[in-house]
Amino acid sequence: MSPNDRNRPKVLRLGVIVHAHSAWASVEEIADVFTPKSTNRADFLEEAASGAFDGCVAAYRTFDSFEVTGKIDGELLDALPRSLRFVCHNGAGYDQVDVQACTAHNIRVSNTPTAVDDATADIGIFLLLGALRNLAVGMAAIRAGEWRGSTLPALGHDPQGKVLGILGMGGIGRNMAAKARAFGMKIRYYNRTRLASDIEAELGAEYVGFDELLAESDVLSLNLPLNANTRHIISQGEFAKMKKGIVIVNTARGAVIDEAALVEALDSGQVCSAGLDVYEQEPCVHPGLLSNPRVLLVPHMGTWTVETETKMEEWAISNVRMAIEQGRLRSMVPEQRDM
Ligand SMILES: O=CC(=O)O
């Protein structure tokens, strides 16, 4: 197809390509690419409604493009052209996209599963070990020139023999289970759907009920997507059902935990320590977490490696290519599998 071909497909790019430049160049060879001039949602809605993106069939979007467009919801889809058929999200979690609204607008949505599994599970293990070992206290003290601090950090705990409860046994949960086994942890999990018995056996993971998971875990790792059913799935009532002194690890989305309830549970000692990569109101972090030295905090860096960010971009771009070349997606989100 020549660049002047009026029938070339049109693609909307929301966000920047940082790594996978040659993959993106392969899209530009076969499609005309549009990018917004707007820098906030109000202007973006106006720009879209003015017809600036007319004819676009597929949109590539990044997590950070939320700053410009806000949530991909009904209001936004109403402003975007009717030609739009595909939203290709770069990320595993797609809570920034209202899938129901997309389905209602006959738009298919994809994410980047599996590409994120290793890196996210790796940071999960880092947070698990760091929270168990109470490392945040010593790390802050040494930077303040106080060596281990004026009051010695409490001794940590070993992972060996402890029960790791995994809430959400998708790709990241399974990856984390395999890695935690190497540290001698016993794995229990709860998931909407139970894994096949051969996968359970391979992971050495025991399926338990939700309440049992809360009651029996020494460490609880959140590895489930954020949606209307999982928002605040861990709140006051759930903390009360846990073993006193549990360690909480969250690499999923901040809002799967009621952050205010977590702060209370940390203050009361019900939760001994926490390792967090995600927060309810990013980039704001609850002051009760910031001020608590037993919380190991990472600013949403679960996939923050050259290799993984590249894989994610390549995966999302492969969805764009498939959308414009074949009218289908490589990895449509599960809610739309029947579409
Ligand atoms: O947070 C990272 C992702 O959803 O991929």
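Residues numbered from 1 in each chain as written. Predicted model: local features only at pLDDT ≥ 70, side-chain atom pairs only at ≥ 80, totals over all residues. Heavy atoms only, no water.

**Regarding the pairing of strand S9 (residues 219-222)**
Part 1: Residues Val219 and Ser221 line one face of S9 and the alternating positions Leu220 and Leu222 line the opposite face, and both faces are buried.
Part 2: As paired elements, strand S6 (residues 163-167) and S9 share four bridges and run parallel to each other. Bridging from a neighbouring strand, Gly165 pairs with Leu220 of S9.
Part 3: By the bridge criterion, four bridges tie S9 to strand S10 (residues 246-250) in an arrangement that is parallel. (Buried < 20%, exposed > 50% of the residue type's maximum accessible area, 1.4 Å probe, protein only. Helix = DSSP H or I, 4+ residues; strand = E, 2+ residues; numbered from the N terminus. Pairing = 2+ DSSP bridges.)

**Topic: the packing of helix H6 (residues 117-132) against helix H8 (residues 171-181)**
Part 1: The geometry of H6 relative to H8 is characterised by a closest axis approach of 8 Å and an angle of 50 degrees between their N-to-C directions. Classified by the angle between their axes, H6 and H8 sit oblique to one another. Handedness of the H6/H8 crossing: right-handed. Contacts from Asp117, Asp118, Thr120, Ala121, Asp122, Gly124, Ile125 and Leu128 in H6 reach Gly171, Ile172, Asn175, Met176, Lys179 and Ala180 in H8.
Part 2: For the contact of H6 with H8, a count of residues per class yields six nonpolar, four polar and four charged. (Axes fitted to C-alpha atoms, helices over the stretch in contact; angles between N-to-C directions. Parallel < 35°, antiparallel > 145°, perpendicular 65-115°, else oblique. Left-handed = near helix turned anticlockwise from the far one by under 90°. Contact = heavy atoms within 4.5 Å. Nonpolar A, V, L, I, M, F, W, Y, C, P; charged D, E, K, R; others polar.)

**Observations concerning the packing of aromatic side chains**
Part 1: Scanning the entire structure with this criterion turns up five aromatic pairs.
Part 2: Ring centres of Phe44 and Phe53 lie 5.5 Å apart, and the angle between their planes is 25 degrees; on these two criteria the pair is classed as stacked.
Part 3: Under the relative-accessibility criterion, Phe44 is labelled buried at 0%.
Part 4: Taken together, a centroid distance of 5.8 Å and an interplanar angle of 55 degrees make the contact between Tyr190 and Phe210 tilted. Of this pair, Tyr190 sits in strand S7 (residues 186-190) while Phe210 sits in helix H10 (residues 210-216); the two residues are 20 residues apart in sequence, bridging distant segments of the chain.
Part 5: Of the aromatic side chains, those joined through ring pairs into one cluster are Tyr189, Tyr190, Tyr207 and Phe210.
Part 6: The aromatic ring of Trp315 is capped on one face by Arg330, whose charged end is 3.7 Å from the ring centroid. (Phe/Tyr/Trp six-rings, centres within 6.5 Å; stacked < 30°, edge-to-face > 60°. Lys NZ or Arg CZ within 6 Å of the ring centre and 35° of its normal.)

**As for the UniProt feature "domain: D-isomer specific 2-hydroxyacid dehydrogenase catalytic" (unreviewed entry) in the protein chain**
Part 1: Per the UniProt record, the feature "domain: D-isomer specific 2-hydroxyacid dehydrogenase catalytic" (unreviewed entry) sits at residues 38-333.
Part 2: The annotated region residues 38-333 carries 39% helix and 16% strand content, and the separation between its end C-alpha atoms amounts to 28 Å. (UniProt positions renumbered as here; feature names shortened; annotations may be inferred.)

**Brief notes about the pattern of salt bridges**
Part 1: For the structure shown, the criterion picks out twelve salt bridges.
Part 2: With a closest N to O distance of 2.8 Å, Arg41 and Glu75 form a salt bridge. Of this pair, Arg41 sits in helix H2 (residues 41-49) while Glu75 sits in helix H4 (residues 74-79), and the two are 34 residues apart along the sequence.
Part 3: The closest approach of N and O atoms between Arg188 and Glu206, which form a salt bridge, is 3.2 Å. Of the two residues, Arg188 sits in strand S7 while Glu206 sits in strand S8 (residues 205-207), which places them 18 residues apart along the sequence.
Part 4: Residue classification places Arg188 among the buried residues on the basis of a relative accessible area of 17%. (Salt bridge = Lys/Arg side-chain N within 4 Å of Asp/Glu carboxyl O.)

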